[in-house]
Structure formats: structure tokens, C-alpha cells
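Structural description and commentary
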Amino acid sequence: MNEVRLRIRLISIFFLLVAVILLGRLFFLQVVHADEFRNLGDRQYARPTSSYFNRGSIFFRDKNDKLISAATLKTTFFAAINPRLLENIENTYSTISAIVDIPHDEYLLKANKVDDPYEVIVKDLTEAESKNITDLGIKGLTVFRERGRSYPAGSLAAQVLGFVGEGGAGAPGLSGKYGVEKKFETILAREPEGKLVNFFAELFAGVSGAIKKSEIGDVVLTIEPSVQAELERELVDVSSKWK
């Protein structure tokens, strides 16, 4: 009887050790080196279209009480190649350049980096251009979609609006760096759309407890865009006159 209990105890200890080793390995992969493997994966496979940078909008208000977009989100496209998979570098260039202009020398420099599986060759593609390139079906050529910050009014009130940039508050990603973008970061900031919850990060690192809930929304400024534009023109004239 004692021998049976001993065997059961030894088997239980064995499975417990195996479980601890597996959990430790998963923790190592999903938490300790999560960013490293995520970046590696993004460079080898198309990014999921369901996960994008997300952020609240900033508006001007005109004299008719209409909201005018000052800062919003814009979807853009870019094309990248995997030099290891390209079968004919020159033919690929000729085919792509018929759709969009790409500097030949710059393309060749990137296409010959056979040790790098990811090289961006053209940015700011229109949706039509991205579709045409995708339809080529060239092995080693992939079109990606991303979303970033856009300021429809150009430089209007730029010193007030500010801008977003990489990093901030000890966390990766885009965040407000100046002006209204920075001042109202807690209101404008959003979680990326389609973001997945990492179970092991939750379990071991206490991520859920570290996430602070904040009031989110959009920001409406009292700036009247036509008045602001006129003011900026006057300031430029005065500055030029009294240089």
C-alpha cells in the first residue's frame, strides 16, 4: 500500500515539474521576449488588418457651430519585399515601376539584401495603387496597410495642435508630444483596434491591474478656422515687414 502511494506521489511530482517547466517556457516566450518575437513576426507576415493605431479626433468649431476636422486618422498603404523570395529582381522592378515610381538604385540596394526578409520599397500608396500591386501576385512582394495621424488643415494652428510621436509615458506606440495632442493625451489615447489580450502577461505580469481606466473622447477647440487662417496670414505679413 505504501509502495502504491509512493508511486502515485512520484508521478504527481513528475507531472507537476513538467507543468512548471511548460509554464516557465510560455512565460519566457510570451512575456520576457514578447516584443522581440512580435517584431520578428510582423516582418515576415502581413500585418492583421484588424489591428490599427487608434486615437480620438480634434476639431475646430466654425462660426456656424459646425465641427471642422483638425486632427484625425488616415489609412495609408506601403509595399515591402522579402529579397530572399524574389525570383527576378529586375522584372519585379519593371512591373512595379509601371504602377508607381520607385528610384531604381534605391530599389536595387534593398532587393540585394538577401539576409533581410523585410525591406520597404515604397510608401504612401493610394488604395488603387496598393490593389494593383497586390494583384500582381509577385512572390516576395507584399502590400501592408497602416493607420496614422493626419491633419487635414495642414499647418493651420499647428503650434496649438502639436503632434504625435513614438513612445511616451514609458510605453511604446504613438502618443502626444506637444500642444493639444500632449495636453489631452488621456482623453485622446486609445487601445489599438483588434488588440489581443496576452493571457500569460495577465497571469504573470499583472497587466490588468496596471492598466488605468481613463475618460476617453474627442477634443473640440474654440478656434474658428477662417479667423485663425487670417490671423496667421497677418502675422506672416507683419513678420516679413519688420524683419
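Residues numbered from 1 in each chain as written. Predicted model: local features only at pLDDT ≥ 70, side-chain atom pairs only at ≥ 80, totals over all residues. Heavy atoms only, no water.

Each helix and strand in the protein chain was counted, giving 11 helices and seven strands. Relative to its 243 residues, the protein chain shows a buried fraction of 29%. Long-range contacts, defined as pairs at least 24 residues apart, comprise 71% of the intrachain contacts of the protein chain with a sequence gap of at least 6. Accessible area of the protein chain: about 16600 Å², with a carbon and sulfur share of 58%. (Helix = DSSP H or I, 4+ residues; strand = E, 2+ residues; numbered from the N terminus. Buried < 20%, exposed > 50% of the residue type's maximum accessible area, 1.4 Å probe, protein only. Contact = heavy atoms within 4.5 Å. Areas by Shrake-Rupley, 256 points an atom, 1.4 Å probe, with all protein chains shown as cover.)

What follows covers the packing of helix α3 (residues 89-97) against helix α4 (residues 104-111). It is at 11 Å that the axes of α3 and α4 come closest, and there the two elements cross at 135°. When the interaxial angle is binned, α3 and α4 end up oblique. Read as a crossing pair, α3 and α4 show a hand that is right-handed. Contacts between α3 and α4 involve Ile-89, Glu-90, Thr-92 and Tyr-93 from the first element and His-104, Tyr-107, Leu-108 and Ala-111 from the second. (Axes fitted to C-alpha atoms, helices over the stretch in contact; angles between N-to-C directions. Parallel < 35°, antiparallel > 145°, perpendicular 65-115°, else oblique. Left-handed = near helix turned anticlockwise from the far one by under 90°.)

In terms of nonpolar packing, the biggest core is built from 17 residues, with Ile-102, Tyr-107, Ile-121 and Leu-141 touching the most fellow members. The set of elements that each furnish at least two residues to this core consists of β2 (67-81), α3, α4 and β3 (119-125). Those residues within four positions of Leu-141 in sequence are excluded, and the remaining contacts are Ala-79, Ala-80, Ile-81, Ile-96, Ile-121 and Ile-133. Core analysis: the next-biggest nonpolar cluster, separate from the first, contains 13 residues, Ile-58, Phe-60, Val-219 and Ala-229 among them. (Core = buried A, V, L, I, M, F, W, Y, C linked by side-chain atoms within 4.5 Å.)

Before going further, it helps to spend a moment on the confidence of the model for the protein chain. Detail in the predicted coordinates should be disregarded across regions flagged by low pLDDT. Residues of the protein chain with pLDDT of at least 70 account for 74%, and the chain-wide mean is 80. Across the protein chain, the secondary-structure element scoring lowest on mean pLDDT is helix α10 (residues 207-210), at 44, and the one scoring highest is strand β1 (residues 58-61), at 96. Confidence over residues 42-50 falls short of pLDDT 50; this stretch has 16 contacts with residues more than four positions distant or in other chains. Counting interchain partners and residues more than four positions distant, the pLDDT-below-50 stretch residues 196-214 has 15 contacts. (pLDDT = per-residue confidence, 0-100.)

Turning our attention to the pairing of β1. In this sheet, β2 lies alongside β1 in antiparallel orientation, the contact comprising four bridges. If you follow Phe-59 over to β2, its bridge partner there is Ser-69. Where β1 folds back on β2, the antiparallel hairpin that results is connected by five residues, among which Asp-65 adopts a positive phi of roughly 70°. (Pairing = 2+ DSSP bridges.)

On the surface, Ile-11, Phe-14, Phe-15, Val-18 and Leu-22 cluster together into a nonpolar patch covering about 510 Å² of accessible area. Residue placement: Val-18 occurs in helix α1 (residues 2-32). The exposure class of Val-18 is partly exposed, given its relative accessible area of 33%. (Patch = residues over 30% accessible without salt bridge, like charges linked within 9 Å, V, L, I, M, F, W, Y side chains within 5 Å. Salt bridge = Lys/Arg side-chain N within 4 Å of Asp/Glu carboxyl O.)

What follows concerns α4. Here α4 has its buried residues at Tyr-107, Leu-108, Lys-110 and Ala-111. End-on view of α4: buried residues confined to an arc of 165°, all on one side of the axis. Among the exposed residues of α4, those oriented more than 90 degrees off its buried face are Asp-105 and Leu-109. (Arc of directions from axis to C-beta.)

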